[in-house]
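Geometric and topological summary
Spelled out from the first residue to the last, the chains are:
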Amino acid sequence: MENLSRRKALSLGVALGLVGVANPARAWASGGPATGAAVGTGPEWIWDDAADPLMASMIDDGHVPAINAAWASWVNNDDPLPSGLPAAFAAYLRQANRLPSWADPVKLARAGDFNRRKDTYLFMLYGLGSGIMSTVIPREAKSVYWSAGGADMQDRAAKTFTFGYDLSELGAFKPTGQFVVTANKTRVVHAAVRHLLPQSPHWRAVADETIPISAADILVTFHSLGTYVYRKLLDWKVPFPAADQEAFLHSWQVAVHLLGVPYEHIPKTWAEAERQSARVLTPVLTPSTEGIALAEELLGLTAQIDLGVTRGFLNEFVRYVLSDEVGDWLGLKRDYASAALVRTAWPAFILFREGLSPVMPGAFYMFDQFVRALAMLFLNKGSSGTTTPITIPTGNRPG
Ligand code: HEM
């Protein structure tokens, strides 16, 4: 049985470019940043000492609607804290809402520039790769499905795009950027979820943990985003100089830290990140009832917007970026003509777009429209075209 799951993890890891020997039981204790961590002290045992007790009391004392109203206008990193926040909450934000001392402004600026230069691939990979991968990370799928936001995936997807958009923006971490605020809002939303979800009988019935969103879980999600995209860009032979790679990693290190993960558990190099990813992400990928429902909603959502492609093409693109195994888990219907097109014309599209080949593929305009439409979906922060504020939930999905 163990051999079978190890073999499965290996073949899936190869397909996703996340290779390595995977043994979930030793996931956090075998090298990497958690070296030496005894059971009980690794990141799977860390939640958020600063934000969790605070949010539990904010929810129980009924302060959340006032916080949501007060912070709607709090957007830019250098905006003063809004008035109307409970004193304890404002005191927490004064502490948390700043870059760590090790943040390197030169690297962060370079990451912003890199994100802008490669935005079409990034939107594509984050949106269709990482977004759909999140539905086969069972802990994530189950908590997203059973939290309040799970009942309205369109709104939730738009909010999640806000995080990616604000992170990818030029100057995201500068005083005039918005990412530090977005990350801090996300951190307290996660803290609220840690208090709320354990009260959901639906979530408790399917969860394999008592408190969701540990630091380990956040690192798993980071690998499904940053580490996955890093590997795909290399596999796709998109020009990615070392300084850009380093800057891209640094922006994610800062982002993950702003979400409350202690520095010592954050991978320091891409090699370390890939090793950790092979240990902690690849072996946990598996379908769940909740994940299948979420994937269908997410793909249905993208199909509502005219991406210039059929649903069959969308299914095949997801299969292309995530493997047929994941496509089969999610029941994505085959469209063999689109599959052939994606597998031959997409690499040619990248080469042509990057100026590495003079040959324009026949499907160039179709792909071009697809990536543009997908980018617009992100840039508009969802299909509504308006800013979607991140709000703290006060309950769970009713059922
Ligand atoms: C909320 C991003 C990790 C579960 C959010 C939100 C963002 C976000 C932007 C607020 C928008 C919204 O309400 O949907 C991230 C990022 C992560 C991460 C960037 C890691 C790098 C995780 C993990 C889990 C998780 C590991 C669970 C295992 C949730 C849930 C919500 C949420 C349940 C609340 C949705 C609601 O309002 O009901 N996350 N997240 N997140 N996240 Fe995360």
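In short, a report on the structure. Treat the numbers as computed from the prediction; the structure is a model and nothing was measured. (Residues numbered from 1 in each chain as written. Predicted model: local features only at pLDDT ≥ 70, side-chain atom pairs only at ≥ 80, totals over all residues. Heavy atoms only, no water.)

With that settled, consider helix α9 (residues 179-196). With 18 residues, α9 should cover 26 Å at 1.5 Å per step; its first-to-last C-alpha distance of 25 Å lies within 8% of that length. Burial analysis of α9 places 17 of its 18 residues in the buried class, the great majority of the element. (Helix = DSSP H or I, 4+ residues; strand = E, 2+ residues; numbered from the N terminus. Expected span 1.5 Å × (residues − 1). Buried < 20%, exposed > 50% of the residue type's maximum accessible area, 1.4 Å probe, protein only.)

Ser143, Ser147, Gly149, Arg156 and His190 are the nearest of the 23 residues found near the ligand. In the environment of the ligand, an oxygen atom lies 2.8 Å from a nitrogen or oxygen atom belonging to the side chain of Ser147. Between an oxygen atom of the ligand and a main-chain N or O atom of Ala148, the distance comes to 3.3 Å. For the shell around the ligand, the secondary-structure elements that each account for two or more residues are α7 (138-146), α8 (153-168), α9 and α11 (215-235). In terms of residue class, the shell around the ligand is built from eleven nonpolar, seven polar and five charged. (Near = heavy atom within 4 Å. Polar contact = N/O pair within 3.5 Å; in protein donor to acceptor, adjacent residues only side chain to side chain. Nonpolar A, V, L, I, M, F, W, Y, C, P; charged D, E, K, R; others polar.)

Under the defined criterion, the tally for this structure stands at 30 aromatic pairs. Ring pairing ties together the aromatic residues Trp236, Phe313, Phe317, Tyr320, Trp346, Phe349, Phe352, Phe364, Tyr365, Phe367 and Phe370, which thus form one cluster. Geometry around Tyr121 places Arg353 over its ring, the cationic atom sitting 5.4 Å from the centre. Seen from the ring of Trp146, Arg397 lies directly overhead, with NZ or CZ sitting 5.9 Å from the centre. (Phe/Tyr/Trp six-rings, centres within 6.5 Å; stacked < 30°, edge-to-face > 60°. Lys NZ or Arg CZ within 6 Å of the ring centre and 35° of its normal.)

Time to look at unusual backbone geometry. Its identity is not glycine, yet Ile213 carries a phi of approximately 55°, on the positive side. In this fold, Ile213 is placed in the loop between α10 (201-206) and α11. Its identity as a non-glycine residue notwithstanding, Lys237 has a phi of 60°, on the positive side. Examined against the element boundaries, Lys237 turns out to sit in the loop between α11 and α12 (242-258).

This part takes up the side chain of Asn184. If you trace the backbone, Asn184 turns up in helix α9. Take Asn184: its relative accessible area is 0%, and that puts it in the buried class. Separated by 3.0 Å, the side chain of Asn184 and the backbone oxygen of Val180 make a polar contact. Excluding residues that lie within four positions of it along the chain, Asn184 makes contacts with Trp74, Tyr92, Leu93, Ala96 and Asn97. (Contact = heavy atoms within 4.5 Å.)

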